Amino acid sequence: MAVVCARFCIHGRVQGVFFRASTRTQALQLGLTGYAKNLADGSVEVIACGDATAVDALHRWLHDGPPSTRVDRVECAETPPHAAEGFLTF
């Protein structure tokens, strides 16, 4: 299995609404590693690494997020593989 990594930047009402925690749950269910963190501009950055199919599934999920969010835009870019264990939020 080739590991791919992607960086997502999610814009909308995504801070203070359990977006990072829900993303972590979703990522762990998909077997991904990485992190989700709040950015100063009100967006959330997600780095996800793992099987390409799983990263794509998380990408699709990020467009909706958990019920309490409003996702306006998701930016995506490939990123070099990260050495990470688990999925962190901060």
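This text goes with the structure placed above it.
All values derive from a computational prediction rather than experimental measurement.

Visitor: Any details on the state of the cysteines? Residues and values, ideally.
Guide: Counting across every chain of the model gives one disulfide. Between the sulfur atoms of Cys5 and its disulfide partner Cys49 the distance amounts to 2.1 Å. On the S-S bond that ties Cys5 to Cys49, the torsion sits near 120°, and the link is right-handed. Of this pair, Cys5 sits in strand 1 (residues 4-13) while Cys49 is found in strand 3 (residues 44-50), placing the two residues 44 residues apart along the sequence. Each member of the pair Cys5 and Cys49 is classed as buried. For the unlinked cysteine Cys9, the closest cysteine sulfur is that of Cys76, found at 11 Å. Looking at Cys76, the relative accessible area reads 45%, which means it is partly exposed.

Visitor: Could you give me a rundown of helix 1 (residues 19-29), with the residues and numbers involved?
Guide: Where helix 1 is concerned, the buried positions are Phe19, Thr23 and Ala27. Burial along helix 1 is one-sided: seen end-on, the buried residues are contained in an arc of 65°. Backbone geometry just after helix 1 places Gly31 at a positive phi near 80°.

Visitor: I'd like to hear about the environment of Thr23, residue by residue, with values.
Guide: Counting through the fold element by element, Thr23 comes out in helix 1. Judged by relative accessible area, Thr23 falls into the buried class, the value being 0%. Between the C-alpha atoms of Thr23 and Asp51, which are 28 residues apart in sequence, the distance is 17 Å.

Visitor: Tell me about helix 2 (residues 52-62), and name the residues and values.
Guide: Along helix 2, the residues classified as buried are Ala54, Val55, Leu58, Trp61 and Leu62. End-on view of helix 2: buried residues confined to an arc of 120°, all on one side of the axis. Opposite the buried face of helix 2, by more than 90 degrees, sit the exposed residues Thr53 and Arg60. Where helix 2 is buried, its residues touch strand 1, helix 1, strand 3 and strand 4 (70-78). Between the side-chain oxygen at the start of helix 2 and the backbone nitrogen of Thr53 there is a gap of 3.0 Å, and the oxygen is on Asp51.

Visitor: An account of the nonpolar core is needed here, citing residue identities and associated values.
Guide: By size, the foremost hydrophobic cluster in this structure holds 20 residues, and its most contacted members are Phe8, Ile10, Phe19, Leu32, Val46, Leu58 and Leu62. When residues of this core are traced back to their parent elements, those giving at least two are strand 1, helix 1, strand 3, helix 2 and strand 4. Among residues more than four places away in sequence, those in contact with Phe8 are Val44, Glu45, Val46, Ala48, Val55, His59, Leu62, Val74, Glu75 and Cys76.

So, how was this worked out
Residues numbered from 1 in each chain as written. Predicted model: local features only at pLDDT ≥ 70, side-chain atom pairs only at ≥ 80, totals over all residues. Heavy atoms only, no water. Disulfide = S-S within 2.5 Å. Helix = DSSP H or I, 4+ residues; strand = E, 2+ residues; numbered from the N terminus. Buried < 20%, exposed > 50% of the residue type's maximum accessible area, 1.4 Å probe, protein only. Arc of directions from axis to C-beta. Contact = heavy atoms within 4.5 Å. Polar contact = N/O pair within 3.5 Å; in protein donor to acceptor, adjacent residues only side chain to side chain. Core = buried A, V, L, I, M, F, W, Y, C linked by side-chain atoms within 4.5 Å.

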